[in-house]
Amino acid sequence: QVQFVESGGGLVQPGGSLRLSCVVSGNILTIYDMAWYRQAPGKQRELVAMIGREGSTRYQESVKGRFIISRDNANKSVDLQMNFLRPDDTAVYYCNARIVLRDAVWATPYWGQGTQVTVSS
C-alpha cells in the first residue's frame, strides 16, 4: 500500500557531501512526521533527523550544523542534505514516515528499504 524510493547514497570522502532523497507513494491520505534514521554495523537504529508536516525539525546532536532535513508535502518527499561528512556517519540510512492511509483511522510508521552511505578516504 505504501512504496518508498530512496536515492542518493554512496561513497564519499571525509568532509564531503551527499544528499539523500525519499519519495513516498501509495494509498495515502496524510503524511505526518517524516524522518531519516541510520544503522551502523553492530549498532541499533537511531534517529538522525525528523521534520513535522509544518516544517518543525529535530536533529541528533552529532549531526547538528552539518545535516539539513527538508520536505515537499506536495510531492510526498523528504531530503537529507549531509555536509562535512565523517567516517562515523557511515551507516545504512532509512527513510521513515508516519502515514494515514485512505482506508485507515490511525497513523502508522512505514520504512524505506535503506540506502548505504560510506564515508572513507
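Refer to the preceding data block for the structure.
It should be emphasised that the depicted structure is a prediction, and the values quoted were computed from it without experimental measurement.

Draft legend 1. Main features of the pairing of strand β5 (residues 46-51). The buried fraction of β5 amounts to five of the six residues, a majority that puts the element mostly inside the structure. As defined by bridge partners, strand β4 (residues 28-39) adjoins β5 across five bridges and the pair is classed as antiparallel. Pairing of W36 across the sheet is with A49, part of β5. The antiparallel pairing of β4 with β5 creates a hairpin that spans six residues between the two strands, and G42 there sits at a positive phi of about 75 degrees. Both β5 and strand β6 (residues 57-59) contribute to a ladder of three bridges, which runs antiparallel. Bridging from a neighbouring strand, M50 pairs with R58 of β6. Counting the residues in the hairpin turn of β5 and β6 gives five residues, including G55, whose phi is positive at 105 degrees.

Draft legend 2. Spatial organisation of the side chain of R71. Examined against the element boundaries, R71 turns out to sit in strand β7 (residues 67-72). Here R71 is buried and forms no salt bridge, its nearest opposite-charge partner D33 lying at an N-O distance of 5.6 Å. Polar contacts involving the side chain of R71 include one to the main-chain carbonyl oxygen of I31, which spans 3.3 Å. At 3.1 Å, the side chain of R71 and the backbone oxygen of G52 are in polar contact. R71 has contacts with I31, Y32, D33, M34, I51, G52, R53, S77 and V78, leaving out every residue within four places of it along the chain.

Draft legend 3. View of the environment of I28. Mapped onto the elements, I28 comes out in strand β4. Here the alpha-carbon distance between I28 and R102, two residues 74 residues apart in the chain, equals 5.5 Å. In contact with I28, not counting residues within four places along its chain, are K76, I99, V100, L101 and R102.

Draft legend 4. Structural context of the environment of G65. You can see G65 is positioned in the loop between β6 and β7. Classification of G65 as exposed rests on a relative accessible area of 75%. As a C-alpha pair, G65 and S121 span 56 residues in sequence and 22 Å in three-dimensional space.

Draft legend 5. Quick peek at the nonpolar core. Counting residues in each nonpolar core, the largest one holds 30 residues, and the members touching the most others are V24, W36, L80, M82 and Y93. Listing elements by their share of this core, those giving two or more residues are β1 (2-7), β3 (18-26), β4, β5, β7, β8 (77-82), β9 (91-101) and β11 (115-119).

Draft legend 6. Focus on the sheet that holds β8. If you trace the four strands from one edge of the open sheet to the other, you get β1-β3-β8-β7, paired in antiparallel fashion. Looking at the sheet topology across the chains shown, the edges are occupied by β1 and β7. Sheet twist, expressed as the average angle between the axes of neighbouring strands with direction ignored, equals 15 degrees. Pairing of β7 with β8 involves six bridges; the strand directions are antiparallel. Looking across to β8, one finds that I68 is bridged to Q81.

Draft legend 7. Main features of the state of the cysteines. Counted by the stated rule, this structure contains one disulfide. Here C22 is linked by a disulfide to C95, with a sulfur-sulfur distance of 2.2 Å. Because the torsion about its S-S bond is -85 degrees, the bridge between C22 and C95 counts as left-handed. With C22 in strand β3 and C95 in strand β9, this residue pair connects regions lying 73 residues apart in the sequence. With respect to burial, C22 and C95 carry one shared label: buried.

What counts, and at which threshold
- Each residue is numbered by its place in its chain's sequence as written, counting from 1.
- This being a predicted model, a pLDDT of at least 70 is required before a residue's local features are given, and a value of 80 or more before pairs of side-chain atoms are given or counted; all residues contribute to the totals for chains, interfaces and linings.
- Only hydrogens and water are set aside when side-chain values are computed; all heavy atoms of the structure are taken into account.
- Buried, partly exposed and exposed residues are distinguished by accessible area as a fraction of the type maximum, computed with a 1.4 Å probe on protein chains only: under 20%, between the cut-offs, and over 50%, respectively.
- Counting from the N terminus, the helices are DSSP H or I runs at least four residues long and the strands are E runs at least two residues long.
- Strand pairing is assigned whenever DSSP detects at least two bridges linking the two strands.
- For the purpose of counting charges, residues Lys and Arg are taken to be positive, whereas Asp and Glu are taken to be negative. His and the chain ends are not included.
- By definition, a salt bridge exists where a carboxyl oxygen of Asp or Glu is found within 4 Å of a side-chain nitrogen of Lys or Arg.
- We call two N or O atoms a polar contact when they sit within 3.5 Å, provided that within protein one can donate a hydrogen and the other can accept it, with sequence-adjacent residues counted only if both atoms are side-chain atoms.
- Two residues form a contact once any of their heavy atoms are found within 4.5 Å.
- Nonpolar cores were defined as sets of buried Ala, Val, Leu, Ile, Met, Phe, Trp, Tyr and Cys residues, with membership established by side-chain atoms within 4.5 Å.
- Note on method: axes are straight lines fitted to C-alpha atoms, helices fitted across the in-contact stretch only, with angles between N-to-C directions ranging 0 to 180 degrees.
- In what follows, a disulfide is any cysteine sulfur pair within 2.5 Å.

All we've got here are geometric facts, nothing functional implied.
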